[in-house]
Amino acid sequence: MGWGNIYKRRLKVFTLALVIYVDYKAVQKREKWFSKSKKEALWQRTHERNAKRVLNLMIEMEGLWVKLGQYLSTRADVLPEAYIYLLKQLQDSLPPRPLKEVCQTIEKELGKSVNDIFSHFVEAPLATASLAQVHRATLRDGQEVVVKVQHEGIKEVILEDLKNAKSIVDWIAWAEPQYDFNPMIDEWCKEAPKELDFNQEAENTRKVSKNLRVKSEHDDINHVNRLDVLIPEVIQSSERVLVLEYMDGIRLNDKASLDEYGVDKQKLVEEITRAYAHQIYVDGFFNGDPHPGNFLVSKEPPHRPILLDFGLTKLISSSMKQALAKMFLACAEGDHVALLAAFTEMGLKLRLDMPEQAMDIASVFFRNSTPASEALENVKSLADQREKNMKFLQEKMKLNKKEVQHFNPVDAFPGDAVIFIRVVNLLRGLSSTLDVRIVYLDIMRPFAESTLLGSIRTEPALDSQWIYDSPIHSDVEAKLRQLLVELGNKKILGIQVCAYKDGKVLIDTAAGMLGRYDPRPVQPDTLFPVFSVTKGITAGMVHWLVDKGKLKLDETIANIWPEFSASKKDMIKVHHVLNHSSGLHNAMSDVMRTNPLLLCDWEESLHRIAQSAPETEPGSQQLYHYLSFGWLCGGVIEHASGKKFQEVLEEAFIHPLNIEGELYIGIPPGVESRLATLTLDTEDLQNLLEISGRPETPSSLQEGNLAEMASGVPVLFNTLNIRRAVIPAANGHCSARALARYYAALATGGSTPPPHSPLSKPPLGSHVHVPTFSSFKQPKKKLRIKETDNPDTPTKKTDGLRRRGCSNSNSPNNNKGYNIVDINIGNDAQKSIKRIFSSPKIHDAFMGLGDYSNMVIADGKFGLGFRRFNTAAGNLTSFGHSGVGGSTGFCNIEHNFSIAVTVNKMSLGGVTRNIIQLVCSELNIPLPEEFSRFGEKGPDMQLNLSL
């Protein structure tokens, strides 16, 4: 192609684009002067006028523009009828190339003349497309074939057209920023040239046929995994010639023949959709060009679809395949957390937090298809939704109408997703063209589910990746990992275990999967929902304020929270709440039954808890405050500190312990991709039903439909609204290593442990605690002096040993049955140790002992906010908190030991109990009764019975 022709093509394309743009803009200005009925006629004429312009230019230019027209002609669900009516002509044959040119190409490519290869060659082509034309022929051995021959010089034309298309898209993005199609054209520029190599198309055809288990037109379809589709066999190929098995079929746009043969169009499109769902979600290798011209229907019953033309075929990675499957299932379930996680996994970045809008937009791709007759209503519905989303952006970003038109909420769009979206849209257009309704969520779901479920192994012992690949810190950890493999994923879905001993990391293990539909591996920085484990963190915040002189344990709550004095609560003190003896154990207990989402409204929850009335006299009985504990403590924390709850959490523990990004009570936007998803151990649920009548079962769990209640908990706590809410009694999200580090600090009376093990990756504290979006200006980072370099902190080695239960490096416990890998954490870590608490009696305060014993119910399970763990010998040296389902965290102050276990498969606690028993046994640490076979359990562990 000479420069003259290049510039001539370029000029024609840009001129037409400008003419059409100006035409539509002019009509937009004029329509306000017309009545409603005349407006419709005005727009109809405009669409017809411009559709003719587009069609004429595409026929003249051929090449890439024909392929674009074929794509647009299938979008009957969104494009005006005039475009569909005219552009569908491009699905038929274009003017054929001369036979002489065809024969020359065959001879040049295959090294033989047409007569030497074929006994018969039909001169008139079956079809002429944008890149090639197809002739029917008979090989010398008598086999019927079709011969696909690439047009002479088409490669140069396609490459030039891509440049022109890219320039037009750039111009549109500049003129109308809300229509930025650059990610799509960029991906097309990368993929389209691959169609020019017919050797590659031949290999693609073989691969797809093998993946779909297609054999022949006369095969009996009985195999459970085989789809009822046909693909021609590849006979021979070169770069520009492809010889395929001939299959006699009906074109999809030949509606008269389809009716004549009695083809079930609904079943036909459903089977095509299934074939593409298999290619995308199961194989990760799919045809990116499913327009009607690339299908035939076999004339013989059962009229199977024949899949053609695998030139534009997309290969995606296993992680992208899983992300697409997760996105699909997230839309099917309305799961905002999974959707945002899928976006992160596939590399789609947003410039602001917009979960509801993201769900609306993503769900558009998988909505039920509609017949072409409903295209106008469909377009209007999409326009209304777009207007609604634009209004949200305008309000969220505080933009005026002009500014919001130029704001693109997408910061980065993955190229791999472009072809996927194109395929989904083409399939939708196909169903509209054939006037059938397709429920994509039903048809494609089994394939998406199989992709995710199929990645979860049934035999972890045989899968080295089941336990996250990280170095072993000690021989105790090696034994623990063997135990996890033995327990297997029948009892474990995802799990983390971390333990500190004498300030050193002894165990930091992660294993399993993030969720039932999320086969990504659990890593050390994965965030698990830990339910009532959260109470131990919230209680620590109250003690921190007391230690800082902001609050007193014997202070009447109404003194710092005036609203709280309502309903005769003026005698309730801070220690009553921490000891679960305030009499407000049932406050707001009706919320979970009547309006669970009220849990997400922090201010309303505080208001309601302040208005609630106690059922028993303060200090008279210890009755577990399942949910009310969090709001009571939360209100005290905010009123005593004058700060928001999460600000106090960060100041008290997150920053001093360097656990940024791994401990939250109410997650921020941007961490969804690291969240573990809760599921229920169905075997344990059955056991739970069997023991629901036992005396030791809490009365609250003996009422109503226990199965329904238990099944509903993970569903509710998996939702984005609940995860983001501040519920200080129940919705903490953390990693085991962050939780174990927290309790390691409490074990020493408040001394921060040395830096976490460098073997643990990514490093603890390396995440930004509250991620930001690119739409907002990044604040300048403040220089924060590391704790170990602070000259004001004590430097004596004995400072961390002054509190009860601390042992020095010469403790004999270091030599009792375990060895720790020698880890160099740097000299700076030994310079100083910063303290979170200054009180020498902080352990007594935690457990309600000594001077604080008059603040707790004698012999009660709880001290001041923490569960007190007795041993079989009756010693009281451990405290912590467990959560329903199996997660736990606690420390032993006598042995300077802490451990945390986080799980996402909610069970009766057998896994956690086995882990604690093993670790305590190996370290010669007395086993807390909470985790023994027959010992007394706390409220969140009462159902953790060995059955």
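Scroll up for the structure.
The following paragraphs examine the structure supplied in this document.

Cut-offs and rules
- Residues numbered from 1 in each chain as written.
- Predicted model: local features only at pLDDT ≥ 70, side-chain atom pairs only at ≥ 80, totals over all residues.
- Heavy atoms only, no water.
- Helix = DSSP H or I, 4+ residues; strand = E, 2+ residues; numbered from the N terminus.
- Buried < 20%, exposed > 50% of the residue type's maximum accessible area, 1.4 Å probe, protein only.
- Contact = heavy atoms within 4.5 Å.
- Pairing = 2+ DSSP bridges.
- Axes fitted to C-alpha atoms, helices over the stretch in contact; angles between N-to-C directions.
- Core = buried A, V, L, I, M, F, W, Y, C linked by side-chain atoms within 4.5 Å.
- Phe/Tyr/Trp six-rings, centres within 6.5 Å; stacked < 30°, edge-to-face > 60°.
- Lys NZ or Arg CZ within 6 Å of the ring centre and 35° of its normal.
- Salt bridge = Lys/Arg side-chain N within 4 Å of Asp/Glu carboxyl O.

Attention now moves to the overall build of the protein. Within the protein, the secondary structure is distributed over 34 helices and 25 strands. Taken across its 947 residues, the protein has 56% of its residues classed as buried. Partitioning the intrachain contacts of the protein with sequence separation of at least 6 by distance along the chain shows that 72% fall at a separation of at least 24.

On to the sheet that holds strand β9 (residues 295-298). Sheet architecture is open: 3 strands sit in the order β7-β9-β10, paired in antiparallel fashion. Strand pairing shows two members of the sheet lacking a second neighbour, β7 (249-251) and β10 (305-307), which therefore form its edges. Pairs of neighbouring strands in the sheet enclose a mean axial angle of 40°, with direction left out of account. Note: β7 against β9, 3 bridges, orientation antiparallel.

Ranked by size, the top nonpolar core spans 93 residues in total, and within it Leu578, Trp631, Phe653, Tyr742, Leu746 and Phe879 carry the most contacts. Ranked by residue count, the leading element in this core is helix α31 (residues 736-747), at 10 residues. With near-sequence residues (within four places) excluded, Leu746 lies in contact with Phe837, His843, Phe846, Phe866, Phe879 and Cys891. In terms of nonpolar packing, the next biggest core, distinct from the first, is built from 76 residues, Met390, Leu427, Ile443 and Leu452 among them.

Once that is clear, we can look at the packing of aromatic side chains. Both the distance between ring centres and the angle between the ring planes are used here to describe each pair of aromatic rings. Applying the stated criterion to the full structure yields 24 aromatic pairs. Ring centres 6.3 Å apart and planes at 50° place the aromatic pair Phe653 and Phe837 in the tilted group. A residue pair is termed long-range when its members are at least 10 positions apart, and Phe653 in helix α27 (residues 645-654) and Phe837 in the loop between α32 (828-831) and α33 (842-847) qualify at 184 residues. For the pair Phe653 and Phe837, one class covers both residues: buried. Three or more aromatic residues joined by ring pairs make a cluster, and in this case those are Phe653, Tyr742, Tyr743, Phe837, Phe846, Phe866 and Phe879. The ring of Phe198 is capped by Lys148, whose NZ or CZ atom sits 5.1 Å from the centre of that ring. We note Lys207 situated over the ring of Phe285; from NZ or CZ to the ring centre the distance is 4.3 Å.

Our focus in this paragraph is the environment of Leu739. As for its position among the elements, Leu739 is in helix α31. Taking C-alpha positions, Leu739 is 7.5 Å from Leu663, a pair spaced 76 residues apart along the chain. When neighbours within four sequence positions are excluded, Leu739 is seen to be in contact with Val533, Ile537, Cys734, Thr888, Gly889 and Ala900.

In this section: the pattern of salt bridges. All told, the structure shown has 35 salt bridges when counted by the stated rule. Taking the shortest distance from any N to any O, the salt bridge between Glu604 and Arg608 comes out at 3.0 Å. Highlighted residues: Glu604 and Arg608, both in helix α25 (residues 602-611), separated by 4 residues, approximately one helical turn. Given a relative accessible area of 26%, Glu604 falls into the partly exposed group. Of the charged contacts, one joins Arg867 and Glu930 as a salt bridge, the two residues approaching to 2.9 Å between their closest N and O atoms. You can see Arg867 sitting in strand β21 (residues 867-870) and its partner Glu930 sitting in the segment after α34 (910-923), a full 63 residues away along the chain.

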